[in-house]
Amino acid sequence: MRLKGKTALVTAAGQGIGRAAVMAMAAEGAQVWATDVNPKLLDSYDGVQNVRAVTLDVLDKAAIGKLITSIPKLDVLFNCAGFVHNGSILDATDADWDFAFNLNVRAQYWAIQAALPGMLAHGGGSIINMASVCSSLKGLPNRFIYGTSKAAVVGLTKSVAADFVAKGIRCNAIAPGTVDTPSLGDRINSYADPAEARRNFIARQPMGRLAQAHEIAPIIVYLASDESVFATGQVFSVDGGMMI
Ligand code: NAD
């Protein structure tokens, strides 16, 4: 029970990596607030021990503040929400740019700003931000808006870590490779030839396969736990060798 006594909040927890993180943290004894914009997805938590499921749209600053400040002692914040736009800079629109930066970056800033005063008041906390291998770590074709926004997540993470390093706050990012989640499935199915698209996603993974969401969860448990007490301001790649 590595997270016994800790309270965590996860955004975009209805499916994919967010859901895997909730299940792994709850299994380690944390009380977990599983939040998602889609209430139907949260039904899957009915009866799951240690999990409280709440609808939360991370594009709603007031709702983030209200929920986070209502939690008496939040120890762990996992900012998981994000969206992938396809295309190069020549395909980019201002609307897509704004959407991505609001969801992938601004929502993290809002959630951290809401959580920090409480964490500081009770002496510490661990913030985990969802970045990606596709970020400041690596450029990938046709990921202009996504990679740029996830690079901003790395900067945000290091800035928060630097400002609060001596105050018990740790802030790290995780950088997964390609993970077989529902949204990846949707993206694959949007190609004219989905089978070929899946082969292409697999081809960029040196291990020759995609990750499963539960294979990303252990790094989140580690960063949430006191085992990672000396780690802050870092980006942890779990990517099947993409960064070798
Ligand atoms: P997903 O994309 O399959 O699911 C995303 C979840 O986010 C859904 O449950 C959806 O309802 C929720 N969501 C969407 N908009 C929201 C909003 N405004 N407020 C709250 N919730 C919202 O999940 P995933 O593929 O596991 O991706 C999760 C995160 O991991 C994203 O930030 C993504 O960029 C990142 N990531 C994914 C991969 C991958 O290959 N799947 C790789 C690296 C990083």
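Bear in mind the structure is a predicted one, so any value in this text is a computation, not a measurement.

Asks: Got a minute to help me understand the overall build of the protein chain in this structure?
Replies: For the protein chain, the helix and strand inventory stands at eight helices and seven strands. For 244 residues, the compact-globule estimate of 2.2 N^0.38 gives 18 Å, and the C-alpha radius of gyration of the protein chain, at 17 Å, lies within 12% of that figure. By the burial criterion, 50% of the 244 residues in the protein chain qualify as buried. In the protein chain, 71% of the contacts between residues at least 6 apart in sequence involve partners at least 24 apart. Surface summary for the protein chain: the accessible area is close to 11,200 Å², and the carbon and sulfur share equals 56%. Charged side chains of the protein chain number 21 positive and 20 negative; the gap between the two group centres comes to 5 Å.

Asks: What is the right way to look at empty space enclosed by the protein in this model?
Replies: It is a probe the size of a water molecule, rolled over the atoms, that shows where empty space is left. Throughout the structure, instances matching the rule amount to one cavity of 30 Å³ or more. In this structure, the largest cavity spans a volume of roughly 30 Å³. Thr 11, Val 58, Asn 79, Cys 80, Ala 81, Leu 103, Ala 107 and Gln 108 are the residues that line the largest cavity. In terms of residue count, helix 4 (residues 94-121) provides more of the lining of the largest cavity than any other element does, three residues in total. In terms of residue class, the lining of the largest cavity is built from five nonpolar, three polar and no charged.

Asks: Any chance you could explain the sheet that holds strand 2 (residues 31-36) here in plain terms?
Replies: The parallel open sheet is built from seven strands, whose spatial order is 3-2-1-4-5-6-7. In this open sheet, the two strands that pair with only one neighbour each are strand 3 (51-55) and strand 7 (235-238). Neighbour to neighbour, the strand axes of the sheet diverge by 20° on average, direction disregarded. Relative to strand 7, strand 6 (residues 169-176) is paired through four bridges, and the arrangement is parallel. Bridge pairing in strand 7 links Pro 176 to Val 238.

Asks: Can you help me understand the environment of Val 160 in this one?
Replies: Relative to the elements of secondary structure, Val 160 occurs in helix 5 (residues 144-164). Sequence spacing of Val 160 and Leu 116 is 44 residues, and the spatial spacing of their C-alpha atoms is 9.8 Å. The residues touching Val 160, leaving out its near neighbours within four places in the chain, are Ile 112, Ile 127 and Cys 171.

Asks: Is there a simple way to think about the site of the ligand in this case?
Replies: Around the ligand lies a shell of 29 residues, among which Asp 36, Cys 80, Tyr 146, Thr 181 and Ser 183 are the nearest. Between the ligand and Val 58, the relevant distance is 3.0 Å, taken from a nitrogen atom to a main-chain nitrogen or oxygen of the residue. Notes on the ligand: free accessible area 830 Å², of which the protein chains cover 90%. Class assignment of the residues belonging to the shell around the ligand gives a composition of 16 nonpolar, ten polar and three charged.

Asks: Help me out: how do you make sense of the layout of surface pockets in this one?
Replies: Quantified by volume, the largest pocket comes out at close to 1,000 Å³. Lining the largest pocket are 41 residues, and of these Cys 80, Gly 82, Phe 83, Thr 181 and Ser 183 sit closest to its centre. Sorting the residues of the lining of the largest pocket by element identifies helix 1 (16-27), helix 4, helix 5 and helix 6 (182-189) as the ones contributing at least two each. Broken down by element, the residue count for the lining of the largest pocket peaks at five residues, all from helix 6. Across the lining of the largest pocket, the residue classes tally to 25 nonpolar, nine polar and seven charged.

Asks: What's the story with the packing of aromatic side chains in this structure? I'm lost.
Replies: The description of two aromatic rings rests on the distance between their centres and on the angle between their planes. Counting across every chain of the model gives five aromatic pairs. Measuring from ring centre to ring centre gives 6.4 Å for Tyr 191 and Phe 201, while their planes differ by 85°; the resulting arrangement is edge-to-face. Here the residue Tyr 191 occupies a position in the loop between helix 6 and helix 7 (194-203), and Phe 201 occupies one in helix 7, the gap between them amounting to ten residues. Given the relative accessible area of 5%, Phe 201 is considered buried. Measuring from ring centre to ring centre gives 6.4 Å for Tyr 222 and Phe 236, while their planes differ by 70°; the resulting arrangement is edge-to-face. One end of the pair, Tyr 222, is in helix 8 (residues 217-224); the other, Phe 236, is in strand 7, with 14 residues separating them in the sequence. Among the residues examined, Tyr 222 registers a relative accessible area of 27% and is labelled partly exposed. Chaining the aromatic ring pairs together yields one cluster made of Trp 97, Phe 101 and Phe 144.

Criteria and thresholds
Residues numbered from 1 in each chain as written. Predicted model: local features only at pLDDT ≥ 70, side-chain atom pairs only at ≥ 80, totals over all residues. Heavy atoms only, no water. Helix = DSSP H or I, 4+ residues; strand = E, 2+ residues; numbered from the N terminus. Rg over C-alpha atoms; globule rule 2.2 N^0.38 Å. Buried < 20%, exposed > 50% of the residue type's maximum accessible area, 1.4 Å probe, protein only. Contact = heavy atoms within 4.5 Å. Areas by Shrake-Rupley, 256 points an atom, 1.4 Å probe, with all protein chains shown as cover. Lys, Arg positive; Asp, Glu negative; His and termini not counted. Charge placed at Lys NZ, Arg CZ, Asp CG, Glu CD. 1 Å grid on protein atoms, 1.4 Å probe; cavity = no way out; pocket = protein on both sides within 12 Å on 5 of 7 lines; lining within 4 Å. Points joined across faces, edges and corners; volume = space filled by probe spheres on them. Nonpolar A, V, L, I, M, F, W, Y, C, P; charged D, E, K, R; others polar. Pairing = 2+ DSSP bridges. Axes fitted to C-alpha atoms, helices over the stretch in contact; angles between N-to-C directions. Near = heavy atom within 4 Å. Polar contact = N/O pair within 3.5 Å; in protein donor to acceptor, adjacent residues only side chain to side chain. Phe/Tyr/Trp six-rings, centres within 6.5 Å; stacked < 30°, edge-to-face > 60°.

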